[in-house]
Amino acid sequence: MTDPVAALREIHSRIDIAAKAANRDPASITLVAVSKTYGEDLILPVIESGQRIFGENRVQEAKTKWPPIQDRVPGLKLHLIGPMQSNKVKDAVELFDAIHTVDRPKIAEAIAAEIKKLGRSPELFVQVNTGEEPQKAGIPPQMTAAFVNVCRNKLELPITGLMCIPPIDEEAALHFGLLAKLAAESDLTGLSMGMSDDFETAIALGATHIRVGSAIFGART
Ligand SMILES: *Cc1c(COP(=O)(O)O)cnc(C)c1O
């Protein structure tokens, strides 16, 4: 049985070490604790130990799980890290403080419309399909700059960064390096990259947001 509080402490010390090795301020790295599939029994102790930023990959799961917790604990921030259907965009813009998965024109348009309607804007990352995998969401690398321009200029979306999920069987560093290069080309400072198995590599390559689930909460069943 994992102790998520001890695991979280361990992750923080690994973040500190990786940041120092890269001459970076650990405070410039946001840890998103990915709580998808886990229940309150594991999440509440992690909140009590100070974690405030959580990641979920499904709008529906987040919508049933988090509002009761948010009623009790002020200051929690929720990040959407999974792909979204168009009919979930309204719920997502209402519930989330950041959306890491702006991954196609249709979704960008729907987010822009909801932001105008609701007068509330989450922080937004464009998901890039750095491995150009057919089954994976995201904008192809060579189209990223043009897509970011459309989001900014036509849709007036405040895009702050890029996000990627490297192919499982490839060297993650190559994909993190590519994402950093694409972000620099578009003058974006946010880099959402790195998970339980590779967040230290991501920090070395400039990650500003790491998304760590199983290394904190234990294996998902
Ligand atoms: C589940 C998930 C994570 C966390 O993965 P772990 O390997 O459990 O750390 C990070 N990013 C995305 C997009 C995910 O879906």
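Residues numbered from 1 in each chain as written. Predicted model: local features only at pLDDT ≥ 70, side-chain atom pairs only at ≥ 80, totals over all residues. Heavy atoms only, no water.

Novice: If you had to explain the packing of helix 2 (residues 40–48) against helix 3 (residues 59–72) to someone new, which residues and values would you point to?
Specialist: One can describe the packing of helix 2 onto helix 3 by two numbers: an axis separation of 12 Å at closest approach and a directional angle of 35°. As helix 2 packs across helix 3, the resulting crossing turns out to be right-handed. Facing helix 2, whose interface residues are E40, I43, L44 and I47, helix 3 presents K65, W66, I69 and R72. Counted by class, the contact of helix 2 with helix 3 contains five nonpolar, no polar and three charged residues. (Axes fitted to C-alpha atoms, helices over the stretch in contact; angles between N-to-C directions. Helix = DSSP H or I, 4+ residues; strand = E, 2+ residues; numbered from the N terminus. Left-handed = near helix turned anticlockwise from the far one by under 90°. Contact = heavy atoms within 4.5 Å. Nonpolar A, V, L, I, M, F, W, Y, C, P; charged D, E, K, R; others polar.)

Novice: Now, about the site of the ligand: what can you tell me, with residues and values included?
Specialist: In the vicinity of the ligand, the residues found are V34, K36, I81, M163, I165, M195, S196, R211, V212, G213, S214 and R220. G213 is positioned such that a nitrogen or oxygen atom in its backbone is 2.8 Å from an oxygen atom of the ligand. Contact distances for the ligand include 2.9 Å between an oxygen atom and a side-chain N or O atom of R220. Within the complex, 90% of the 390 Å² of free accessible area of the ligand lies under protein. Its residues assigned to classes, the shell around the ligand comprises six nonpolar, three polar and three charged. (Near = heavy atom within 4 Å. Polar contact = N/O pair within 3.5 Å; in protein donor to acceptor, adjacent residues only side chain to side chain. Areas by Shrake-Rupley, 256 points an atom, 1.4 Å probe, with all protein chains shown as cover.)

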